[in-house]
Amino acid sequence: YFGDSIRVKQAWIPHGEGEYRVEGEVLYAGDFFHGKMHGKGKYLFANFDLWTGTFMFDELHGVGILERHAKEGEEDPPPRECIYYKNKRVCFTDELVVGTRIKLLQPVKHSAGAVILGKTKKCGHFRVKMDEGGVQNMNLADVGFVIDKTAARINLLEDYVPKEGEEGATRDGTFAEQRYDYESDIASPLFTDHDENWISSKKIPVDDKAAAALAAKKKAAWDDMQKRKEDIKKNAEKNAEIDKAKEEKRLAEEEAKREAAAYAEDLESKKEELLLKREAQEKERERRRTMGESKEAK
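Attention in this report is confined to the structure presented alongside it. Everything numeric in this text was worked out from a predicted model, so none of it was measured. (Residues numbered from 1 in each chain as written. Predicted model: local features only at pLDDT ≥ 70, side-chain atom pairs only at ≥ 80, totals over all residues. Heavy atoms only, no water.)

1. Quick look at the nonpolar core
Grouped together as the largest cluster of nonpolar side chains are 19 residues, with contacts concentrated most on Leu 96, Ile 102, Leu 140 and Phe 145. Contributing elements (two or more residues each) for this core: β8 (80–85), β9 (88–92), β10 (101–108), β11 (111–119), β12 (125–130) and β14 (145–147). The element best represented in this core is β12, accounting for three residues. If you look at the next biggest cluster of nonpolar residues, it comprises 10 residues, including Tyr 28, Phe 32, Met 37 and Phe 92. (Core = buried A, V, L, I, M, F, W, Y, C linked by side-chain atoms within 4.5 Å. Buried < 20%, exposed > 50% of the residue type's maximum accessible area, 1.4 Å probe, protein only. Helix = DSSP H or I, 4+ residues; strand = E, 2+ residues; numbered from the N terminus.)

2. Some points on the packing of aromatic side chains
Counted by the stated rule, this structure contains six aromatic pairs. Judged by centre distance (5.1 Å) and plane angle (90 degrees), the ring pair of Tyr 28 and Phe 32 falls under edge-to-face. Since its relative accessible area comes to 1%, Tyr 28 is described here as buried. Overall, the relative accessible area of 9% leaves Phe 32 in the buried class. Pairing Tyr 28 with Phe 55 gives two aromatic rings, centres 5.0 Å apart and planes at 85 degrees, and the pair type is edge-to-face. Note that Tyr 28 is positioned in strand β3 (residues 25–33) and Phe 55 in strand β5 (residues 50–56), a separation of 27 residues in sequence. A residue is classified by how much of its surface remains accessible, and Phe 55, at 4% relative accessible area, is buried. Linked through ring pairs, Tyr 1, Tyr 28, Phe 32 and Phe 55 together constitute an aromatic cluster. In this structure, Arg 21 packs its charged tip against the face of Phe 2, placed 4.1 Å from the ring centre. When the ring centre of Phe 92 is taken as origin, the NZ or CZ atom of Arg 80, which lies over that ring, is 3.8 Å away. (Phe/Tyr/Trp six-rings, centres within 6.5 Å; stacked < 30°, edge-to-face > 60°. Lys NZ or Arg CZ within 6 Å of the ring centre and 35° of its normal.)

3. Considering the pairing of strand β13 (residues 135–139)
Each regular strand shows side chains that alternate between the opposite faces of the sheet. Pairing of β12 with β13 involves five bridges; the strand directions are antiparallel. Following the sheet pairing, Val 128 is matched in β13 by Gln 136. What sits between the antiparallel neighbours β12 and β13 is a turn of four residues, in which Gly 133 has the positive phi angle 140 degrees. (Pairing = 2+ DSSP bridges.)

4. Some thoughts on the sheet that holds β13
The five strands lie next to each other as β13-β12-β11-β10-β14, forming an open sheet whose pairing is antiparallel. What marks the edges here is a single partner per strand, and that holds for β13 and β14. Taken pair by pair, the neighbouring strands of this sheet meet at an average axis angle of 40 degrees, ignoring direction. (Axes fitted to C-alpha atoms, helices over the stretch in contact; angles between N-to-C directions.)

5. Looking at unusual backbone geometry
The backbone of Phe 57 sits at a positive phi, close to 50 degrees, despite the residue not being glycine. Its place among the elements puts Phe 57 in the loop between β5 and β6 (59–60). Although it is not a glycine, Lys 86 sits at a positive phi angle of roughly 55 degrees. Among the secondary structure elements, Lys 86 is positioned in the loop between β8 and β9.

Okay, here's the thing in structure tokens:
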């Protein structure tokens, strides 16, 4: 862990902004609260998907951007905004098109469901029509719900007729021509262009062959990811060995240079000693010769 911390009794725990790393790789970067991921941050999944959004006590919770990681050789799909509720992905926000019906896991004001009327400017907030009640703005990022896949898309009558004062409509719009155009709706229907990602507690029955094929596909993807991790680890170890060998070679070369310099210095010192000794011998011979000449003169 690298970042801010707070002391609780005799221990220091993450609190504030920081990063949690494993073997040098950042798995989480963002806000901490008393040792738990809480606030805004980024989280890297085991399959290299990246979540940038909000957290609540170590759980992905709220609205954020999910960046999917494609297989090797394939192009990554574009990032999509989605909603997580207590560490479980509920849906992508582009799936909540007008008319989509949702089921509330916990009834709100005695209503067990609602219909999406549109998205508001506030992140995670949608305008909904309650099954029991009127229209209200709801923060779907903080409400447990699932998309009702079995229900058809619902459209309100007010979406098809002009409002009061438009195109000569009366107060209830009953005497005006319908605004709904069947041909244009068929040509460009209102639905998401992405593959649907429905999450429900109800298990969809599948045959054994399909389940086995899906399990094999997931296992192959997992094995491929583990192999890539192992290759990265081996390359890191190999690079570490190469760096170690280079460092040892550099140290050996420096030691050889030091020994050569010491040998040259010692040789120069001995040379100077020999020169001094020879000079002393010459002086001694000169002194004796001078003394001999003086004796002969006497």
